[in-house]
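This is what each chain is made of:
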Protein chains: 2
Amino acid sequence: MEPRVSIIERRLKNVKRIVSVASGKGGVGKSLVASSLALHLAKKGYKVGLLDLDLYGPSSHIILGVKDVFPKEEKGIIPPNIHGISFLSIVYFSEDKPSPFRGIDVTNIILELLSITQWGSLDYLIIDMPPGIGDETLDVIRFIKKGEFLAVTTPSKVALGAVSKLLKILKELKLPILGVVENMRMTDSSFIKDELVKMDIPYLGSINFDHGLEDAIGNGDLILKTNFMKELTKCLRKIDF
Amino acid sequence: MEPRVSIIERRLKNVKRIVSVASGKGGVGKSLVASSLALHLAKKGYKVGLLDLDLYGPSSHIILGVKDVFPKEEKGIIPPNIHGISFLSIVYFSEDKPSPFRGIDVTNIILELLSITQWGSLDYLIIDMPPGIGDETLDVIRFIKKGEFLAVTTPSKVALGAVSKLLKILKELKLPILGVVENMRMTDSSFIKDELVKMDIPYLGSINFDHGLEDAIGNGDLILKTNFMKELTKCLRKIDF
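Residues numbered from 1 in each chain as written. Chains lettered and ligands numbered in written order. Predicted model: local features only at pLDDT ≥ 70, side-chain atom pairs only at ≥ 80, totals over all residues. Heavy atoms only, no water.

Q: Honestly, the packing of aromatic side chains in this entry has me stumped. Any pointers?
A: Two descriptors summarise a pair of aromatic rings, namely the distance from one centre to the other and the angle between the planes of the rings. Tallying each qualifying case throughout the model produces 9 aromatic pairs over all chains. Each member of the aromatic cluster is reached from another via a ring pair, and the members are A:Tyr46, A:Tyr124 and A:Phe241. (Phe/Tyr/Trp six-rings, centres within 6.5 Å; stacked < 30°, edge-to-face > 60°.)

Spelled out as structure tokens, the structure:
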């Protein structure tokens, strides 16, 4: 067994719940849901961490407007506090440059990051997962033993096709699936809901396409006031978040 | 040097042009642009191939409605003909099951597929690239020497941030960039155009969000009649496609 796995477990032992926000493909709003979920829980008074592991397209720092704050290195890494959230992103280590890591590096970077970060005690650690079911996704699933999964899709057949694969893998591995949020809805089709019911996966509800959202990107306070947030909150209520 | 690289070159020697459709992140319409570009060129009478290498989320077969046709295996692989397009997708080899390949497998599968496929003589081979700048993207860039790149983004800051990384890598490698299409536009912001001009990358134009598009998914003939297609054609005209 990879020895760092037990180090990771020790590092995360004071984290009550870990919620991994995942999607079958990119562009469905996964990072936005992860960041907004962290904002939502922090606003409710919980101690929250947000870890962006979307190695090839980290965007939580853009969504939350993180600028000029950096993790401290002191017996490991101490995440900075943004909007009441302990925030850490892979972007701090790729320095926002094009960073074409290869397979084994990716695994090592993720392992390293999980091994050395001092989250302290948290009520929730939200993980912005890499999209799809590539290496990094499988690594994170493997290394973080107590993750619960929140999946995001759009109303499109293509997005559902992709998220279904991910959900099948999670089911095969007997991992807890909190449910699926349908994002960027534009019609009242029940296609996604019907398909998820068939798969016996909890459908948490839908979020209508929010034209005002792009203007809120980069500002956590504005994101909390969007329609997107209002409808996401309704979905989250179904799983008592 | 990987010996299969020269095999691949030989296999592709009767392909006049290779257009790799790429994006910095998923969900921006890359596969739709790739499939529609292939349909557009086939309709104009060209001999066209479409190769879906989006390993973790192949969707060209869903977009084109490919059903019950399979490649023939005969001294290699012969792609079936769909809407006048020689069509091959990684999905034929993952059988649409959850298929969590790992780093080295991915490279091998892509190399193998490129080595054994008999495209014959083509005017254009369109490649639906994996999203982002992960291993598979780097492999395809490395193995296909004569690729020209068509990039796709949406109007969002996050999508542009991601595609910029890809464009930087392509520039560093001195690879030909045909230009960038801005997809799913909803406002008349010139943000993407302005940023691309700063980067000295050709902006080919924008495609408005097309609410009718989802209903055309799965039917090549209907896709040719969408507003999406009409606006994509305008963008393509700028590069004489």
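Q: Sorry if this is basic, but what is going on with the pairing of strand β2 (residues 48-52) of chain B here?
A: Along any regular strand, the residues point their side chains to alternate faces of the sheet. Residues and elements named next belong to chain B. Most of β2 sits inside the fold, with 5 of its 5 residues counted as buried. Going residue by residue along β2, you find Val48, Leu50 and Asp52 tucked away on one face and Gly49 and Leu51 tucked away on the opposite face as well. Where β2 meets strand β6 (residues 85-89), 5 bridges bridge the pair, whose relative direction is parallel. By the bridge assignment, aspartate 52 is partnered in β6 with serine 89. Across 5 bridges, the pairing between β2 and strand β7 (residues 122-128) is parallel. Residue aspartate 52 lies in a different strand from β7, and its bridge partner there is aspartate 128. (Buried < 20%, exposed > 50% of the residue type's maximum accessible area, 1.4 Å probe, protein only. Helix = DSSP H or I, 4+ residues; strand = E, 2+ residues; numbered from the N terminus. Pairing = 2+ DSSP bridges.)

Q: Honestly, the sheet that holds strand β6 (residues 85-89) of chain A in this entry has me stumped. Any pointers?
A: Hydrogen bonding along the main chain pairs the strands of a sheet, whether they run parallel or antiparallel. All names here are of chain A. Taken together, the 8 strands give an open sheet; going across it, the order is β5-β6-β2-β7-β1-β8-β9-β10, and neighbouring strands pair in mixed fashion. Looking at which strands have only one partner, the edges of the open sheet turn out to be β5 (81-82) and β10 (203-208). Pairing geometry for strand β1 (residues 15-23) and strand β7 (residues 122-128), over 6 bridges, is parallel. In the strand pairing of β7, isoleucine 18 is matched with leucine 125. In the packing of helix α7 (residues 157-172) onto the sheet, the strands contacted are β1, β8 (147-153) and β9 (177-185), and the crossing angle to β8 comes to about 165°. Sheet strands in contact with helix α8 (residues 191-199) are β8, β9 and β10, and its direction is about 165° off that of β10. (Contact = heavy atoms within 4.5 Å. Axes fitted to C-alpha atoms, helices over the stretch in contact; angles between N-to-C directions.)

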